[in-house]
Every structure is written in structure tokens, then in C-alpha cells.
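Residue-level listing of the chains:
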Amino acid sequence: MILYGRDLSPFTRRVAIWCALQGRPVIRRPLMVSGEDFDALKRINPLGRVPILQLDDGATLIETFAIIDWLEDTAEPGARLLPETGLPRRKAMQEIAYANSVAEKAVALVYEHNRRPEQYRWPEWCARLEGQIRGGLEAMEAHAPEEEGWLGGATPYGGDVAFVCAYDFIAATNPRLLEGPSYPRLAWLSERANRMPAFGDSRPEPA
């Protein structure tokens, strides 16, 4: 399979880690969503968005939730990273929902604060985004394990992947948001996750 997108994208990285934890070999194509890469991406996904997962049969899947749904659907039961049903699945999906929302707002902040020239920024919108990110981080912090272990128990599962990708993206792009009110559980979750090659091999560099 071929995965399009850079490790800096928390959504592409989530798919990469998911594949690694499931033992699925993936060829990486770190195309960007800007510059010359944009036209190449649009030839694969008309929206020009990542992640894109091209399957062995040539079919392409877009959007993180749809890609992960396919990965879970086609995985052996012992390799799945989400509970099958019931309250455990609802809990896992809500953990992922918090992390996904934080990642979405953090990406929006990068475009508005990091990339837009200062004179064209919308301060009130930046403040709103930062407030939403901090609110999400607080919710994630409350769910994260206090010490050892993972959200899913003895081994990392989908919620851990989503939490680490969102936290590491903020650490790479706007680390100031992790200062002041600290998030020690999330920091510790990220640290021990990234000791594993499945996570650490795709950890994004500061942008």
C-alpha cells in the first residue's frame, strides 16, 4: 500500500501509526498540500487533501475516519485497535473524537497564526481556536493514564494513537500552547509512545 502525506499531518501520521501497529507494510509518499505537490495530490484525490491510502488493488481511500474504518474492518481480530461494540467502543470513539477535534483546530491555527502574515491575522479567531484547543487538551488530559499503561489497557489502541498525534502536532507547531497549564499525563503518554518505533519513526520535527 502507499500512504500519501507528511508526518507533520496528525491525520496522515495517525494512519501511518495504525498501519505500523497492525503490522501492515506501507510505502510512504510525503507529498505536501501546497506548492508543486498540490497538483500531484489532486490527481489522486480531487480535493487535494491528505491522507490518501492507495490499496494494493489500486483503489484509493481518503479521509482518516474512512481509512481507519477499512483498516479495522480488514484486520485480524487480534490486530484491531478498536473494541468491536458496546461501551468500550463508544469510549474509544469519544477519545478519538476529542483528539481529532483538537488536531483540526490546531491545523486551523497553523494556517491562521503560523503561516498568515501578522498584519492579516484575525486575533479574535486565533484566540477562539486556542481556547478550543486548550479545552480539548484538558479533556484529553483527564482521560489519559496517570502513570504506566495505555488508554486501551496493556497495549496502545486507537485512542492512544489519536491522543499522541494531536499532542505531538501541537508540540511541533505551537508548543506555547502546552505551557502555562501543563498536561503531564499527555506528555508522559507521548514520551513512552514515541519510544516505540511504530510511533517514534513518524514523530514530526518542529515546524
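These lines cover the structure that appears in this document, whether it is placed above or below. All values derive from a computational prediction rather than experimental measurement. (Residues numbered from 1 in each chain as written. Predicted model: local features only at pLDDT ≥ 70, side-chain atom pairs only at ≥ 80, totals over all residues. Heavy atoms only, no water.)

A word on the overall build of the chain
- Secondary structure summary: the chain contains eight helices and four strands in total.
- In the chain, the succession of helices and strands from N to C terminus is β-α-β-α-β-β-α-α-α-α-α-α.
- A globule of 207 residues ought to have a C-alpha radius of gyration of about 17 Å, and the chain, at 17 Å, matches this closely.
- Counting only residues that meet the buried cut, the chain has 45% of its 207 residues in that class.
- In the chain, 66% of the contacts between residues at least 6 apart in sequence involve partners at least 24 apart.
- For the chain, the distance from the average site of its 24 positive side-chain charges to the average site of its 29 negative ones is 3 Å. (Helix = DSSP H or I, 4+ residues; strand = E, 2+ residues; numbered from the N terminus. Rg over C-alpha atoms; globule rule 2.2 N^0.38 Å. Buried < 20%, exposed > 50% of the residue type's maximum accessible area, 1.4 Å probe, protein only. Contact = heavy atoms within 4.5 Å. Lys, Arg positive; Asp, Glu negative; His and termini not counted. Charge placed at Lys NZ, Arg CZ, Asp CG, Glu CD.)

Observations regarding the nonpolar core
- One finds Trp 18, Ile 133, Leu 137, Met 140, Ile 170 and Leu 186 to be the most contacted residues of the largest nonpolar core, which totals 52 residues.
- Contributing elements (two or more residues each) for this core: helix H1 (10-21), helix H3 (64-74), helix H4 (86-115), helix H5 (123-143), helix H6 (158-173), helix H7 (184-193) and helix H8 (197-200).
- The element that contributes the greatest number of residues to this core is H6, accounting for ten residues.
- Apart from residues lying up to four places away in sequence, Leu 186 is in contact with Leu 137, Met 140, Glu 141, Ala 144, Phe 163 and Tyr 167.
- Membership of the second largest hydrophobic core comes to seven residues, among which are Ile 2, Leu 31, Ala 40 and Ile 52. (Core = buried A, V, L, I, M, F, W, Y, C linked by side-chain atoms within 4.5 Å.)

A look at the sheet that holds strand S3 (residues 52-54)
- On the basis of which strands lie adjacent, the open sheet formed by four strands has the order S2-S1-S3-S4 and mixed pairing. Either end of the sheet is taken by a strand with one partner, and the two such strands are strand S2 (27-29) and strand S4 (60-62). Across the sheet, the mean angle from the axis of one strand to that of its neighbour is 20 degrees, orientation sign disregarded.
- Here strand S1 (residues 2-4) pairs with S3 via three bridges, running antiparallel. If you follow Ile 2 over to S3, its bridge partner there is Gln 54.
- Across the sheet, H1 lies against S1 and S2, angled at about 160 degrees from S1, the strand it touches most. (Pairing = 2+ DSSP bridges. Axes fitted to C-alpha atoms, helices over the stretch in contact; angles between N-to-C directions.)

Considering H6
- In a regular helix each residue adds 1.5 Å, so 16 residues correspond to 22 Å; H6 covers 23 Å between its end C-alpha atoms and thus fits that length.
- For H6, the buried fraction is high: 15 of the 16 residues fall into the buried class. (Expected span 1.5 Å × (residues − 1).)

As for the packing of aromatic side chains
- In this structure the tally under the stated criterion is one aromatic pair.
- Over the ring of Tyr 111 we find Arg 115, and its NZ or CZ is 4.8 Å from the ring centre.
- Note that Arg 192 overlies the ring of Trp 150, its terminal NZ or CZ placed 5.3 Å from the centroid. (Phe/Tyr/Trp six-rings, centres within 6.5 Å; stacked < 30°, edge-to-face > 60°. Lys NZ or Arg CZ within 6 Å of the ring centre and 35° of its normal.)

Regarding unusual backbone geometry
- The step from Val 50 to Pro 51 runs through a cis peptide bond, and the omega angle for that step is 5 degrees.
- Note on placement: Pro 51 falls in the loop between helix H2 (37-44) and S3.
- Positive phi values are uncommon outside glycine, yet Glu 63 reaches one of about 75 degrees.
- Checked against the element boundaries, Glu 63 lands in the loop between S4 and H3.

Here's the deal with the pattern of salt bridges
- Tallied over the full model, the rule gives nine salt bridges.
- For the salt bridge of Arg 13 with Asp 168, the shortest nitrogen-to-oxygen distance reads 2.9 Å. With Arg 13 in helix H1 and Asp 168 in helix H6, this residue pair connects regions lying 155 residues apart in the sequence.
- The shortest N-O distance in the salt bridge between Glu 130 and Arg 134 comes to 3.8 Å. Highlighted residues: Glu 130 and Arg 134, both in helix H5, separated by four residues, approximately one helical turn.
- Residue Arg 134 is classed as partly exposed on the basis of its relative accessible area of 25%. (Salt bridge = Lys/Arg side-chain N within 4 Å of Asp/Glu carboxyl O.)

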